[in-house]
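# Architecture and fold: a report
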Amino acid sequence: MPPHIDLHCHSTVSDGLLTPSDLVSHAFSQGVEVLSLTDHDDVAGLAEASARAKQLGMRFVTGVEISVSWNRRTLHVVGLKISPDYEPLLTGLAGIRASRHTRAQGMADSLSKIGIGGSLDGAYKYTRRDGIISRTHFARFLVEKGYAKDTRSVFKKYLVKGKPGYFEHRWASLEDAMGWIAGSGGIAVLAHPGRYDLGRTNMLKLLHEFRELGGAAIEVVTGSHTKDQYQEFAKLAHQFDLLASKGSDYHGPGHAYIEMGRLPDLPSICKPVWQGWPEMSLDTP
Ligand code: AMP
Ligand code: MN
Ligand code: MN
Ligand code: MN
């Protein structure tokens, strides 16, 4: 049996609920043997996570999930095996994090227009010092104040396109994000393609461009894909000669599509992004 792998999850450095150490311990307790931490737009949790993995004798892969704007849509690109001290990557991510503060102000302004005050401070209260501010933190504030019963319904009601708390934002370009990942020695993986609602033509266009820009893999098995989407994206990966990745996108207890360690194997037509990685052979801790 190959080791159980999870190449996508979040800690308190971005919008997860567990600290990097606790997240690694949790993954370990759930049977994950090879883990990557992929916080949104930040690599600040990698050193702590890697240290805990080492203590536990677990294999760890560096990672990040970069927010990108492409044709006026938001996409997420995961960078695996990035070097966390590569300056252009760090500067690029710092730029995205700074722009998140401006966006948060915009979100708070639009929420106050519909009579919801105090959301900026309320959302920041849920962030870690120097951590990113995201819609998830606004969601936690809105749930706390009783505007919706849970994160899922709060997004639907307030935080998605066309709703009062949504604020149009320009993220990094796909070219820049891919350049930072490649420059830092990393592997670019298109995160959860089934979530973009692009339509067939635009999806094909995206996969083509992603590949042209050096993209290596797409997430086929992820917490937010249905079983049908595993098959759909396995076929697309095959068609575009892209490798396949797998990750839970876990955000913490009660904030997860699926518990860690529970994702199925990739469909058999997939070529795994981890093929040939030394982390996958048992003699490499
Ligand atoms: P942001 O990058 O600030 O736009 O926040 C995006 C994050 O919000 C994602 O990474 C998810 O963790 C979370 N999110 C997005 N859509 C939903 C949803 N419909 N329900 C729950 N969480 C969501
Ligand atoms: Mn998230
Ligand atoms: Mn994502
Ligand atoms: Mn994610």
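First, a word on scope: everything that follows refers to the structure included in this document. Values in this document were obtained by computation on a predicted structure and should not be read as measured data.

### Quick word on the sheet that holds strand 9 (residues 243-247)
The sheet built from six strands is open, its strands ordered 6-4-5-7-8-9 with mixed pairing. Pairing within the sheet leaves two strands with one partner each, and these edge strands are strand 6 (172-173) and strand 9. By the bridge criterion, two bridges tie strand 4 (residues 63-70) to strand 6 in an arrangement that is parallel. Residue S69 lies in a different strand from strand 6, and its bridge partner there is S173. This element, helix 8 (residues 200-212), spans strand 4, strand 5 (73-80), strand 7 (187-190) and strand 8 (217-222) of the sheet and lies at about 175° to strand 7. Against the sheet, helix 9 (residues 227-239) touches strand 8 and strand 9, its axis set at about 160° to strand 8.

### Let's talk about the environment of M1
Mapped onto the elements of the fold, M1 is located in the segment before strand 1 (5-6). Exposure remark for M1: the relative accessible area of 99% places this residue in the exposed category.

### Digging into the coordination of the manganese ion (ligand 2)
Donor atoms from the polypeptide that coordinate the manganese ion (ligand 2) comprise D15 (OD), D15 (OD), H40 (NE2) and H251 (NE2), at 2.1 to 2.8 Å from the metal. For the manganese ion (ligand 2), the six donor atoms in the first shell make angles of 51 to 152° at the metal, a pattern classed as irregular. Considered as a linear motif, the donors of the manganese ion (ligand 2) on their single chain read D-x24-H-x210-H. Between the manganese ion (ligand 2) and the manganese ion (ligand 3), the interatomic distance is 5.7 Å. You can see D15 sitting in the loop between strand 1 and helix 1 (20-29) and its partner H40 sitting in the loop between strand 2 (34-36) and helix 2 (46-56), a full 25 residues away along the chain.

### Quick look at the environment of A108
Here A108 lies in helix 3 (residues 87-113). In this structure A108 comes out as buried when scored by relative accessible area, which is 9%. A sequence separation of 54 residues divides A108 from K54, and the C-alpha atoms of the two residues are 41 Å apart. Setting aside chain neighbours within four positions, we find A108 in contact with S119, L120 and F138.

### Things to note about the packing of aromatic side chains
The full count for this structure, using the stated rule, is one aromatic pair. Ring centres of Y147 and Y158 lie 6.2 Å apart, and the angle between their planes is 80°; this geometry places the pair in the edge-to-face category. With Y147 in the loop between helix 5 (135-144) and helix 6 (151-159) and Y158 in helix 6, the pair connects residues that are 11 residues apart, well separated along the chain. Take Y147: its relative accessible area is 28%, and that puts it in the partly exposed class.

### Concerning the site of ligand 1
Around ligand 1, the neighbouring residues are D15, H40, R100, R103, S134, R135, T136, F155 and H251. The separation between an oxygen atom of ligand 1 and a polar side-chain atom of D15 is 3.0 Å. Take R103: an N or O atom from its side chain is 2.7 Å from an oxygen atom of ligand 1. For ligand 1, whose unbound accessible area comes to 500 Å², protein coverage reaches 82%. Cavity membership is defined here by more than half of the atoms lying within 2 Å of grid points; on that basis ligand 1 lies in the largest pocket.

### Digging into the packing of helix 1 against helix 2
Between helix 1 and helix 2, the shortest axis-to-axis distance is 8 Å and the interhelical angle comes to 40°. Here helix 1 and helix 2 pass one another in a crossing that is right-handed. Side by side, helix 1 and helix 2 meet where P20, S21, D22, V24, S25 and F28 of the first sit next to E48, A49, R52, A53 and L56 of the second. Residue composition of the contact of helix 1 with helix 2, by class: six nonpolar, two polar and three charged.

### Thoughts on the pairing of strand 4
Of all eight residues making up strand 4, eight are buried, and the element is well covered by its neighbours. Pairing of strand 4 with strand 5, which is carried by eight bridges, proceeds in the antiparallel orientation. In the sheet register, I66 faces strand 5, and the bridge partner there is V77. Taking the residues between adjacent antiparallel strands as the criterion, strand 4 and strand 5 are bridged by two residues, where N71 takes a positive phi near 50°.

### Quick look at the pattern of salt bridges
In this structure the tally under the stated criterion is nine salt bridges. Across the salt bridge formed by K149 and D150, the nearest N and O atoms sit 4.0 Å from each other. By relative accessible area, which is 70% here, K149 ends up exposed. In this structure, D265 engages K246 in a salt bridge whose closest nitrogen and oxygen atoms are separated by 3.9 Å. Placement of the pair is D265 in the segment after strand 9 and K246 in strand 9, with a sequence separation of 19 residues. Residue class for K246 comes out buried when judged on its relative accessible area of 3%. Overlapping salt bridges bring together K125, E144 and K145 as one network.

Thresholds applied
Every chain begins its residue count from 1, and numbering advances along the sequence as written. By the order in which they are written, chains take letters starting at A while ligands take numbers starting at 1. With pLDDT at 70 or above as the cut-off, local features in this predicted model cover only qualifying residues; side-chain atom pairs require 80 or more to be listed or tallied, and sums for whole chains, interfaces and linings still use all residues. Each side-chain value is worked out from all heavy atoms of the structure, with water and hydrogens disregarded. At least two bridges found by DSSP between two strands is the condition for calling them paired. Secondary structure elements follow DSSP: runs of H or I of four or more residues count as helices, runs of E of two or more count as strands, with numbering from the N terminus. Here, two residues are considered to be in contact whenever any of their heavy atoms come within 4.5 Å of each other. Axes here refer to lines fitted to C-alpha atoms; in helices the fit is confined to the stretch in contact. Angles between the N-to-C directions go from 0 to 180 degrees. Accessible area is worked out with a 1.4 Å probe on protein chains only. A residue is then buried under 20% of its type maximum, exposed over 50%, and partly exposed in between. Coordinating donors are taken as N, O and S atoms within 2.8 Å of the metal, stretched to 3.2 Å for Na, K and Ca; because water is absent from the atoms, sites can appear incomplete. For four-coordinate sites, all angles between 85 and 135 degrees define a tetrahedron; for four- and six-coordinate sites, opposite donors beyond 155 degrees with the remaining angles between 65 and 115 define square planar and octahedral shapes respectively, and all other cases count as irregular. Any two of the Phe, Tyr and Trp rings considered here, Trp counted by its six-membered ring, make a pair once their centres fall within 6.5 Å; the pair's planes then place it as stacked at under 30 degrees, edge-to-face at over 60, or tilted in between. Nearness here has a simple test: a residue counts as near a molecule or strand if at least one of its heavy atoms is within 4 Å of that partner. By the criterion applied in these results, polar contacts are pairs of N or O atoms within 3.5 Å in which, for protein atoms, one can donate a hydrogen and the other can accept it, and in which residues neighboring in sequence qualify only through two side-chain atoms. Per-residue and other accessible areas follow the Shrake-Rupley method at a 1.4 Å probe size, with only the shown protein chains counted as cover for residues. Site definitions follow a grid-based scheme: protein atoms alone, a 1 Å grid, a 1.4 Å probe that fits but cannot get out for cavities, and for pockets an open set with protein on both sides within 12 Å along at least five of seven lines, plus lining residues having an atom within 4 Å of a point. Any molecule with more than half of its atoms within 2 Å of a cavity's or pocket's grid points is counted as sitting in it. Crossing handedness: left-handed means the near helix sits turned counterclockwise from the far one by under a right angle, and right-handed means the same turn made clockwise. Charged residues are taken to be Asp, Glu, Lys and Arg, nonpolar residues to be Ala, Val, Leu, Ile, Met, Phe, Trp, Tyr, Cys and Pro, and polar residues to be all remaining types, Gly included. Here, a salt bridge means any side-chain nitrogen of Lys or Arg that lies within 4 Å of a carboxyl oxygen of Asp or Glu.

Any link to function would need more than the numbers given here.
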